[in-house]
Amino acid sequence: SQKIEQNSEALNIQEGKTATLTCNYTNYSPAYLQWYRQDPGRGPVFLLLIRENEKEKRKERLKVTFDTTLKQSLFHITASQPADSATYLCALPAGGFKTIFGAGTRLFVKA
Amino acid sequence: DTGVSQDPRHKITKRGQNVTFRCDPISEHNRLYWYRQTLGQGPEFLTYFQNEAQLEKSRLLSDRFSAERPKGSFSTLEIQRTEQGDSAMYLCASSLSGADTGELFFGEGSRLTVL
């Protein structure tokens, strides 16, 4: 079955550094991949979509890469700020109208 | 538009009771989804509506769960004879068919605690 893996360990980084989060998937060839941000007790908020024919996508301080051979996406936040502290979820269309989500990686940015 | 609204935000109930959650999607969105999320996990798909038609249901949705979207606007999710394992955050999301990014707009969720 389709499976998404994100690093379950929290990522702690210093303000100003680049945070890099990983999303790996198996048994699947998605047409696109999405990243969402989720704050504690809140619903996820969409950040970016990258399609299978795109290698890289940028939005402000965010950069996403998509390697369909490795079945992996990397999510980068440059010049990180304490306000970037949240859980980041990787999501894929799973056939039909369903989107499946990874468990997320918790990011802590220290001032 | 204020986004996707869910009510109640928190619900504490005793095992065996029935609970109902309501979701008001973004008004022009014809697609509506219910997800369930437990601590440390990502949202798990439960069901999907296009307008008033329920087009997809997860195997997670046992027969104690029922969802409706009677007029293609708001939706309700009812859980009958609640069990402690039903404790979770129930998230509603909406989207517009044909939208370029496939973005799901989530509400703030309804947190259920079954004692």
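Before reading on, note that the structure itself is shown above.
This one's a predicted model, so the numbers in the text were calculated from it and none came from an experiment.

What to know about the pairing of strand 11 (residues 110-114) of chain B
Residue and element names in this part refer to chain B.
(1) Moving on: Taking every second residue as pointing to the same face, the buried face of strand 11 carries Ser-110, Leu-112 and Val-114, while none of Arg-111 and Thr-113 on the other face is buried.
(2) Moving on: Looking at chain direction, strand 2 (residues 10-13) and strand 11 are connected through 4 bridges and run parallel. In the strand pairing of strand 11, Ile-12 is matched with Thr-113.
(3) Moving on: By the bridge criterion, 3 bridges tie strand 9 (residues 88-95) to strand 11 in an arrangement that is antiparallel. Bridging across to strand 11, Tyr-90 finds its partner in Ser-110.

Description of the nonpolar core
(1) Moving on: Counting 25 residues, the largest nonpolar core has Leu-33, Trp-35, Phe-75, Ile-77, Tyr-88, Leu-92 and Leu-107 of chain A as its most contacted members.
(2) Moving on: Elements with a minimum of two residues in this core: strand 3 (19-26), strand 4 (32-38), strand 5 (45-51), strand 7 (62-67), strand 8 (72-77), strand 9 (86-93) and strand 11 (105-110) of chain A.

Structural notes on the state of the cysteines
(1) Moving on: If you walk through the whole model with that rule in mind, you get 2 disulfides over all chains.
(2) Moving on: One disulfide bridge connects Cys-23 of chain A with Cys-90 of chain A, the sulfur atoms lying 2.0 Å from each other. One disulfide, between Cys-23 of chain A and Cys-90 of chain A, carries an S-S torsion of -60° and so falls in the left-handed class. Taken together, the residues span a long stretch of sequence, with Cys-23 of chain A in strand 3 and Cys-90 of chain A in strand 9 at a distance of 67 residues.
(3) Moving on: A relative accessible area of 0% places Cys-90 of chain A in the buried class.
(4) Moving on: Disulfide partner of Cys-23 of chain B: Cys-92 of chain B, at an S-S distance of 1.9 Å. An S-S torsion of about -65° defines the bridge between Cys-23 of chain B and Cys-92 of chain B as left-handed. Here Cys-92 of chain B lies in strand 9 and Cys-23 of chain B lies in strand 3 (residues 19-24), a separation of 69 residues in the sequence.

Calculation notes
Residues numbered from 1 in each chain as written. Chains lettered and ligands numbered in written order. Predicted model: local features only at pLDDT ≥ 70, side-chain atom pairs only at ≥ 80, totals over all residues. Heavy atoms only, no water. Buried < 20%, exposed > 50% of the residue type's maximum accessible area, 1.4 Å probe, protein only. Helix = DSSP H or I, 4+ residues; strand = E, 2+ residues; numbered from the N terminus. Pairing = 2+ DSSP bridges. Core = buried A, V, L, I, M, F, W, Y, C linked by side-chain atoms within 4.5 Å. Disulfide = S-S within 2.5 Å.

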